[in-house]
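Residue-level structure breakdown
Now for the letters of each chain:
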Amino acid sequence: MKLTIIGAGPAGYVGALKAAKSGFEVTLVEKASLGGTCLNRGCIPTKSLLQAASVYENIMVQSKVWGIDVPEASVDFEKVYAQKNAIVEQLQKGIAMLLKNAGVEVIYGTAQVVEEGKVRIQESGDEINADEGPCGAGCGARCRALPRPWSCCCGWRRAWRGSGPFRCRRGRGWRLV
(Lines give C-alpha, C1' and ligand atoms only; values in the text may rest on other atoms or scores of the structure.)
Protein backbone atom coordinates (compact mmCIF):
# COMPACT_ATOMS: atom_id res chain seq x y z
CA MET A 1 0.00 0.00 0.00
CA LYS A 2 1.34 3.44 -0.93
CA LEU A 3 1.44 6.40 1.43
CA THR A 4 2.46 9.97 0.60
CA ILE A 5 3.29 12.28 3.50
CA ILE A 6 3.70 16.01 2.96
CA GLY A 7 6.11 17.69 5.36
CA ALA A 8 9.18 16.22 7.07
CA GLY A 9 8.77 17.85 10.46
CA PRO A 10 8.63 15.70 13.61
CA ALA A 11 5.14 14.38 12.79
CA GLY A 12 5.94 13.77 9.12
CA TYR A 13 9.23 11.93 9.41
CA VAL A 14 8.19 9.89 12.47
CA GLY A 15 4.94 8.98 10.71
CA ALA A 16 6.92 7.98 7.61
CA LEU A 17 9.21 5.76 9.69
CA LYS A 18 6.31 4.08 11.47
CA ALA A 19 4.39 3.58 8.23
CA ALA A 20 7.45 2.08 6.51
CA LYS A 21 7.93 -0.25 9.47
CA SER A 22 4.27 -1.29 9.10
CA GLY A 23 4.83 -2.26 5.46
CA PHE A 24 3.72 0.87 3.59
CA GLU A 25 5.60 2.10 0.54
CA VAL A 26 6.24 5.66 1.77
CA THR A 27 7.05 8.83 -0.14
CA LEU A 28 7.88 11.85 2.02
CA VAL A 29 7.72 15.27 0.36
CA GLU A 30 9.58 18.19 1.99
CA LYS A 31 9.96 21.68 0.58
CA ALA A 32 12.99 22.72 2.64
CA SER A 33 14.98 20.64 5.16
CA LEU A 34 14.30 17.46 7.08
CA GLY A 35 13.18 18.14 10.64
CA GLY A 36 10.77 21.01 10.02
CA THR A 37 10.61 24.22 12.01
CA CYS A 38 11.58 22.55 15.30
CA LEU A 39 14.93 21.28 14.06
CA ASN A 40 15.85 23.99 11.57
CA ARG A 41 14.59 27.31 12.96
CA GLY A 42 12.85 26.67 16.26
CA CYS A 43 13.48 24.47 19.26
CA ILE A 44 16.89 22.99 18.51
CA PRO A 45 18.66 26.15 17.29
CA THR A 46 17.11 28.11 20.16
CA LYS A 47 18.27 25.60 22.75
CA SER A 48 21.80 25.61 21.38
CA LEU A 49 21.92 29.40 21.59
CA LEU A 50 20.53 29.19 25.14
CA GLN A 51 23.32 26.77 26.03
CA ALA A 52 25.88 29.33 24.82
CA ALA A 53 24.13 32.00 26.91
CA SER A 54 24.18 29.70 29.93
CA VAL A 55 27.91 29.00 29.55
CA TYR A 56 28.58 32.73 29.29
CA GLU A 57 26.45 33.42 32.37
CA ASN A 58 28.28 30.71 34.33
CA ILE A 59 31.62 32.23 33.42
CA MET A 60 30.61 35.79 34.26
CA VAL A 61 28.36 35.27 37.28
CA GLN A 62 28.73 31.81 38.79
CA SER A 63 32.51 31.83 38.68
CA LYS A 64 32.53 34.71 41.18
CA VAL A 65 30.35 32.69 43.58
CA TRP A 66 33.03 30.01 43.62
CA GLY A 67 35.90 32.42 44.03
CA ILE A 68 37.11 32.20 40.46
CA ASP A 69 38.04 35.55 38.99
CA VAL A 70 37.44 35.82 35.26
CA PRO A 71 38.34 39.39 34.38
CA GLU A 72 36.91 39.36 30.86
CA ALA A 73 34.97 37.05 28.61
CA SER A 74 33.75 37.68 25.11
CA VAL A 75 31.36 35.96 22.75
CA ASP A 76 32.43 35.00 19.24
CA PHE A 77 29.03 34.94 17.54
CA GLU A 78 30.43 33.30 14.41
CA LYS A 79 31.59 30.31 16.48
CA VAL A 80 28.33 30.23 18.47
CA TYR A 81 26.31 30.08 15.23
CA ALA A 82 28.74 27.58 13.67
CA GLN A 83 28.17 25.27 16.66
CA LYS A 84 24.39 25.71 16.34
CA ASN A 85 24.58 24.92 12.62
CA ALA A 86 26.74 21.84 13.27
CA ILE A 87 24.17 20.50 15.75
CA VAL A 88 21.30 21.06 13.31
CA GLU A 89 23.23 19.46 10.44
CA GLN A 90 24.13 16.41 12.54
CA LEU A 91 20.48 15.88 13.47
CA GLN A 92 19.34 16.36 9.85
CA LYS A 93 21.83 13.70 8.73
CA GLY A 94 20.52 11.37 11.43
CA ILE A 95 16.95 11.77 10.20
CA ALA A 96 18.06 11.24 6.59
CA MET A 97 19.86 8.03 7.58
CA LEU A 98 16.83 6.71 9.48
CA LEU A 99 14.55 7.41 6.51
CA LYS A 100 16.97 5.83 4.02
CA ASN A 101 17.41 2.72 6.18
CA ALA A 102 13.62 2.40 6.47
CA GLY A 103 13.23 2.59 2.68
CA VAL A 104 11.36 5.91 2.70
CA GLU A 105 11.66 7.86 -0.55
CA VAL A 106 12.30 11.56 0.16
CA ILE A 107 11.40 14.11 -2.51
CA TYR A 108 12.36 17.77 -2.06
CA GLY A 109 9.85 20.25 -3.40
CA THR A 110 6.55 21.97 -2.69
CA ALA A 111 3.70 19.48 -2.69
CA GLN A 112 0.22 20.31 -3.87
CA VAL A 113 -2.71 17.93 -3.55
CA VAL A 114 -4.36 18.25 -6.98
CA GLU A 115 -7.08 15.67 -6.49
CA GLU A 116 -7.82 12.74 -4.24
CA GLY A 117 -4.83 10.42 -4.26
CA LYS A 118 -2.65 12.65 -6.45
CA VAL A 119 0.11 15.01 -5.33
CA ARG A 120 2.05 17.32 -7.68
CA ILE A 121 5.55 18.58 -6.96
CA GLN A 122 5.34 22.22 -8.04
CA GLU A 123 9.01 22.73 -8.95
CA SER A 124 9.32 19.70 -11.26
CA GLY A 125 5.69 19.11 -12.20
CA ASP A 126 6.09 15.43 -11.28
CA GLU A 127 3.01 13.72 -9.91
CA ILE A 128 2.81 11.10 -7.21
CA ASN A 129 -0.15 8.74 -7.31
CA ALA A 130 -1.25 7.46 -3.95
CA ASP A 131 -4.45 5.92 -5.31
CA GLU A 132 -3.76 2.73 -3.41
CA GLY A 133 -3.45 4.47 -0.07
CA PRO A 134 -3.96 7.63 1.98
CA CYS A 135 -2.14 10.93 1.79
CA GLY A 136 -1.15 12.78 4.98
CA ALA A 137 -0.08 16.37 5.53
CA GLY A 138 1.32 18.07 8.62
CA CYS A 139 0.03 21.46 9.71
CA GLY A 140 3.38 23.22 9.87
CA ALA A 141 4.32 26.10 12.17
CA ARG A 142 2.94 29.03 10.22
CA CYS A 143 0.48 31.74 11.06
CA ARG A 144 -3.02 30.57 10.15
CA ALA A 145 -6.48 32.05 10.25
CA LEU A 146 -8.49 30.47 13.05
CA PRO A 147 -11.66 28.56 12.18
CA ARG A 148 -14.85 30.62 12.24
CA PRO A 149 -16.13 29.63 15.71
CA TRP A 150 -12.87 30.73 17.33
CA SER A 151 -12.72 34.07 15.57
CA CYS A 152 -16.34 34.79 16.58
CA CYS A 153 -16.13 33.95 20.27
CA CYS A 154 -12.60 35.13 20.96
CA GLY A 155 -12.22 37.98 18.53
CA TRP A 156 -8.84 36.56 17.46
CA ARG A 157 -8.03 36.81 13.78
CA ARG A 158 -4.78 34.82 13.63
CA ALA A 159 -2.70 32.54 15.85
CA TRP A 160 0.87 31.28 15.82
CA ARG A 161 1.07 27.52 16.19
CA GLY A 162 3.82 26.32 18.49
CA SER A 163 5.24 29.73 19.32
CA GLY A 164 4.63 29.95 23.09
CA PRO A 165 7.56 28.12 24.69
CA PHE A 166 9.71 28.71 21.60
CA ARG A 167 9.29 32.46 21.88
CA CYS A 168 10.07 32.35 25.63
CA ARG A 169 13.25 30.33 25.07
CA ARG A 170 14.29 32.51 22.15
CA GLY A 171 13.88 35.69 24.21
CA ARG A 172 16.15 34.36 26.95
CA GLY A 173 18.94 34.00 24.37
CA TRP A 174 19.32 37.79 24.27
CA ARG A 175 21.48 37.51 27.41
CA LEU A 176 24.43 37.01 25.05
CA VAL A 177 24.06 40.44 23.51
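For the structure given in this document, a descriptive report is provided here. All of these numbers come straight from a predicted model, not from anything done at the bench.

**So, the sheet that holds strand β6 (residues 127–129)**
The three strands are arranged β4-β5-β6 in an open sheet whose pairing can be described as antiparallel. Single-partner strands in this sheet number two, and they are β4 (111–115) and β6. Averaged over all pairs of adjacent strands, the angle between strand axes in this sheet comes to 30°, irrespective of strand direction. Pairing of β4 with strand β5 (residues 118–121) involves four bridges; the strand directions are antiparallel. Opposite E115, over in β5, you have K118 as the bridge partner.

**Considerations on the pattern of salt bridges**
In total, this model carries three salt bridges according to the counting rule given. Between E89 and K93 there is a salt bridge; the shortest N-O distance is 3.1 Å. Of the two residues, E89 and K93 both sit in helix α4 (residues 77–102), four residues apart, roughly one turn of that helix. Judged by relative accessible area, E89 falls into the partly exposed class, the value being 40%. K93 gets classed as exposed once you look at its relative accessible area, which sits at 54%. E127 serves as the salt-bridge partner of R120, at 2.7 Å between the closest nitrogen and oxygen. Assessed through its relative accessible area of 30%, R120 is described here as partly exposed. Linked by salt bridges that have partners in common, K118, R120 and E127 make up one network.

**Digging into the pairing of β5**
Residue alternation in β5 divides its side chains into a buried set, V119 and I121, and an unburied set, K118 and R120. In this structure, the hairpin formed by β4 and β5 is closed by a connection of two residues, where G117 is found at a positive phi of approximately 80°. In the sheet, β5 pairs with β6 via three bridges, with the strands oriented antiparallel. Of the residues in β6, the one forming a bridge with K118 is N129. Linking β5 to β6, which pair antiparallel, is a turn of five residues; within it G125 sits at a positive phi near 80°.

Reading the values: the criteria
Here the residue numbering is sequential within each chain, running from 1 through the sequence in written order. Local features are withheld for residues below a pLDDT of 70 in this predicted model, meaning they are given only at 70 or higher, and side-chain atom pairs are given and counted only at 80 or more; totals for whole chains, interfaces and linings count all residues. The side-chain quantities take in all heavy atoms of the structure and omit both hydrogens and water. At least two bridges found by DSSP between two strands are what make those strands a pair. What counts as a helix is a DSSP run of H or I of at least four residues, what counts as a strand is a run of E of at least two, and both are numbered from the N terminus. Axis lines are fitted through C-alpha atoms, for helices just across the contact stretch, and the angle between N-to-C directions can take any value from 0 to 180 degrees. A side-chain nitrogen of Lys or Arg and a carboxyl oxygen of Asp or Glu constitute a salt bridge if their distance falls within 4 Å. When accessible area is computed with a 1.4 Å probe and restricted to protein chains, residues below 20% of their type maximum are described as buried, those above 50% as exposed, and intermediate ones as partly exposed.

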